[in-house]
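Now for the letters of each chain:
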Amino acid sequence: MTKILVLKLGTSERGIPFTDREALLQRAKGSWRITVPKIRDVKRAVLVYNGTILEEYKIGDEVLANLADNKCRLTFDLSIVEESNLRGKQIVYPTANPASVAVLEELEFAGK
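This one's a predicted model, so the numbers in the text were calculated from it and none came from an experiment. (Residues numbered from 1 in each chain as written. Predicted model: local features only at pLDDT ≥ 70, side-chain atom pairs only at ≥ 80, totals over all residues. Heavy atoms only, no water.)

Points about the pattern of salt bridges
Summed over the entire model, instances satisfying the criterion amount to four salt bridges. Here R21 ties to E55 by a salt bridge, and the two come within 2.9 Å at their closest N and O atoms. Taken together, the positions of R21 in helix α1 (residues 21–29) and E55 in strand β4 (residues 52–66) put the pair 34 residues apart, joining distant regions of the chain. Here R21 and E82 are joined by a salt bridge, their closest N and O atoms 3.2 Å apart. Placement of R21 in helix α1 and of E82 in the loop between β5 (73–80) and β6 (91–92) is noted, with a sequence separation of 61 residues between them. Using a relative accessible area of 48% as the deciding quantity, one classes E82 as partly exposed. Connected through salt bridges with shared partners, the residues R21, E55, E82 and R87 form a single ionic network. (Salt bridge = Lys/Arg side-chain N within 4 Å of Asp/Glu carboxyl O. Helix = DSSP H or I, 4+ residues; strand = E, 2+ residues; numbered from the N terminus. Buried < 20%, exposed > 50% of the residue type's maximum accessible area, 1.4 Å probe, protein only.)

As for the nonpolar core
The biggest cluster of nonpolar side chains holds 22 residues, and the ones touching the most others in it are L5, L47, Y57, F76 and L78. Mapped onto this core, the elements with two or more residues apiece are β1 (3–9), α1, β3 (44–49), β4 and β5. Broken down by element, the residue count for this core peaks at four residues, all from β5. (Core = buried A, V, L, I, M, F, W, Y, C linked by side-chain atoms within 4.5 Å.)

So, the side chain of E56
Take E56: it is sitting in strand β4. In terms of polar contacts, E56 uses its side chain to reach the side chain of S84, at 2.6 Å. Discounting chain neighbours no more than four positions away, the residues touching E56 are R44, A45, V46, S79, I80, V81, S84, N85 and L86. (Polar contact = N/O pair within 3.5 Å; in protein donor to acceptor, adjacent residues only side chain to side chain. Contact = heavy atoms within 4.5 Å.)

Here we look at the sheet that holds β1
Two orientations exist for strands paired in a sheet by backbone hydrogen bonds: parallel and antiparallel. Spatially, β2-β5-β4-β3-β1-β7 is the arrangement adopted by the six strands of the open sheet, whose pairing is mixed. In this open sheet, the two strands that pair with only one neighbour each are β2 (32–33) and β7 (99–103). In terms of strand pairing, β1 meets β7 through five bridges, oriented antiparallel. Opposite K3, over in β7, you have V103 as the bridge partner. The strands touched by α1 within the sheet are β1, β2, β3, β4 and β5, with β5 carrying the most contacts at an inclination of about 150°. (Pairing = 2+ DSSP bridges. Axes fitted to C-alpha atoms, helices over the stretch in contact; angles between N-to-C directions.)

The structure is reproduced here in structure tokens:
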């Protein structure tokens, strides 16, 4: 069982740098509304837009927590997974939550 952090960009979000991997990395780093206990033991993340996995990341050891307004928002230490077999794949993941944890083996890939 492999846990993976799913970071979803909203379809109404403007200025998403689709062709700039470094700018996408900066966008993926944070700030996401999710708690530390939920991400415990999660080592990988995917950035998703409209069901397409834009990028896969390795989650580093450091997480920055912003506790303003009694909302926990996390910023992650991410690095691009160069040899990703997930990048470009379509997934069916209908949650409205922009940051959530899923089990990789249970993700539903479109076209399967």
